[in-house]
Amino acid sequence: MLIGIDPAAQVPLGDQVAAAVRRNIATGALGPGDRLPAARDLAVSLDVNVHTVLRGYQLLRDEGLIELRRGRGAVVSAAATADGAELAEATGRLVAAARRLGLAEADVLETVRLALRRPTTAPPG
Amino acid sequence: MQRTLPVTVGAPLLATGAVALAALAWRDRFPAGVASHVGPGGLVDDVTTTGTFAATALTIGAGLAVLWGLVARSVRSNPTGLRVLAAASVGSAAVLAAGPAVLLVTSLDRGSVLGEPAPAWLLPVVVLALAAGSLLGWALARVPAPAETRQPPPPDAPRVELPAGGRAVWTRVVVARPVLVGAVALAAVGVALSATVSPGAGVPALVVAALLAPTTSVRVTADHAGVSVRATLVPRPRVHVPLSRVVRAGRSDVRARELGGWGLRVRGERTAVLLRSGEALDLELADGSRLLVTVDDAATAAALVNTLAERSRVC
């Protein structure tokens with residue numbers, strides 16, 4: 001699996017780590033049962049703080065893509081699918097945009113609801 | 001390298017020479033001869049004279065010295081290979097010193113040796129000697145600072161897209177399935193023997209299974225520090241190549257048969273970590289040697305290594 005981050009980008013580094021792992025799941029480079037590198041090792045490789053990597057891993061756990069077990073490290077969960085990773089990644093981008101624009105939670109949810117009800121016009125990018 | 005060859009060739013001579021010397025120095029203190037073989041039941045089942053014991057030790061030592069010298073000749077262009085060779089030579093020399101030393105001590109001033117039990121610590125001492133000797137050989141075989149290159153990888157070598165200032169790592173685990181199956185099967189046999197025959201009966205199988213376990217899977221990582229290969233279960237030993245030594249990274253297919261089997265193989269200028277046949281990350285190094293690591297998705301790894309190597313040389 002390839003994990004790239006860009007410290008110059010606006011997105012927090014932990015989110016970038018999570019996004020990179022999601023991409024690997026979406027492309028099939030990572031599958032259920034695969035073990036992610038230890039957060040400490042990944043932090044050294046990417047020259048970031050270990051808490052940054054752990055924050056990324058926690059995001060992925062909250063999305064149900066990986067399981068974090070004490071002593072066993074991070075393992076891609078059986079339920080993790082390419083579709084799930086793609087949706088989680090798109091959601092991540094939406095949330096990042098909403099934060100940048102300073103939108104309230106209710107407004108974001110309303111926008112999503114409206115978009116969902118709208119008839120499909122173009123295939124998603 | 002100047003020190004590696006004397007260490008590799010000298011270790012078996014030194015070890016067996018010391019054993020022969022000890023046997024001859026104590027020649028009057030072995031009234032029942034010297035134990036020369038221990039049977040599977042832990043009982044001494046063969047005895048020899050002091051002179052034969054010393055002569056056999058010296059013959060084995062001389063034979064090994066010649067053998068190691070010939071192997072060293074064939075891998076002389078490969079610093080890693082010479083170092084692995086030195087570790088193997090000193091490790092086996094330590095076993096050749098420790099095993100016979102225990103036998104000598106056992107036979108010292110004993111009226112009868114044949115059929116007597118060998119000390120229970122014979123096996124632990126030999127295993128410990130192998131480990132300590134290998135480490136010592138590895139440490140003694142200080143190779144000269146490996147050659148580095150300042151040239152960026154050739155333009156036709158694959159690259160990945162990475163924004164300026166971006167950081168990236170590629171990592172993947174390789175599993176040697178036959179070894180994994182073997183280790184699990186051995187552990188099962190060990191447990192079954194312990195449960196049915198006697199508690200101690202399964203110990204050898206369990207020990208071998210435990211020793212095999214770390215060799216069943218390795219993690220390959222490519223990042224700004226270079227390429228490293230280590231067992232997933234233990235952090236050391238590891239094979240590490242800094243980016244500054246990499247002329248070019250690529251992907252190639254290797255057959256384990258070509259390189260003489262699985263494991264850490266050294267063949268001519270090639271060093272290989274083979275857990276299976278097939279796709280491998282192929283690093284051309286500045287000293288003319290090559291490091292091959294069998295791993296899936298090696299093309300991505302190679303592209304990242306080229307990208308990071310180029311970047312490290314531009315700035």
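The name recorded for chain B in an unreviewed UniProt entry is DUF1648 domain-containing protein, from Geodermatophilus poikilotrophus.

Chain A goes by DNA-binding transcriptional regulator YhcF, GntR family in an unreviewed UniProt entry, where it is assigned to Geodermatophilus poikilotrophus.

A. Seen up close, the UniProt feature "transmembrane region" (unreviewed entry) in chain B. Residue and element names in this part refer to chain B. According to UniProt, the "transmembrane region" (unreviewed entry) feature falls on residues 51-72, 84-108 and 120-141. Structurally, residues 84-108 comprises 96% helix and 0% strand, and the distance from its first C-alpha atom to its last is 36 Å. Regarding residues 120-141, the helix share stands at 86% and the strand share at 0%, and the terminal C-alpha atoms are separated by 33 Å.

B. Main features of the domain arrangement of chain B. Residues and elements named next belong to chain B. Under the domain assignment used here, chain B contains domain 1 (4-140) and domain 2 (170-176 + 216-314). One C-alpha centre belongs to domain 1, the other to domain 2; they are set 35 Å apart. Listed as interface residues are 8 residues of domain 1 and, on the opposing side, 8 residues of domain 2. With both sides pooled, the region where domain 1 packs onto domain 2 buries about 580 Å², and carbon together with sulfur makes up 57% of that total.

C. Representation of the interface of chain A and chain B. If you look at the interface, chain A gives 18 residues, while chain B gives 18 residues. Between chain A and chain B, a total of about 1,400 Å² is buried, with carbon and sulfur atoms accounting for 50% of that surface. The three residues of chain A that bury the most area against chain B are M1, L2 and S45 of chain A, which together make up 39% of that side's buried surface. At the boundary of chain A with chain B, the tally comes to 1 salt bridge. Notably, a salt bridge pairs R230 of chain B with D41 of chain A, separated by 2.8 Å at the nearest N-O pair. Put simply, chain A and chain B have 11 residue pairs in polar contact (both at pLDDT 80 or more) between them. At the level of secondary structure, the elements contributing two or more residues to the side of chain A that touches chain B comprise β1 (2-5) and α2 (39-46) of chain A. Among the elements that line the side of chain A that touches chain B, the one with the most residues is α2 of chain A, at 5 residues.

Basis of the calculations
Residues numbered from 1 in each chain as written. Chains lettered and ligands numbered in written order. Predicted model: local features only at pLDDT ≥ 70, side-chain atom pairs only at ≥ 80, totals over all residues. Heavy atoms only, no water. UniProt positions renumbered as here; feature names shortened; annotations may be inferred. Helix = DSSP H or I, 4+ residues; strand = E, 2+ residues; numbered from the N terminus. Domains from an automatic or database assignment. Contact = heavy atoms within 4.5 Å. Buried area = accessible area lost by both parts, 1.4 Å probe. Salt bridge = Lys/Arg side-chain N within 4 Å of Asp/Glu carboxyl O. Polar contact = N/O pair within 3.5 Å; in protein donor to acceptor, adjacent residues only side chain to side chain.

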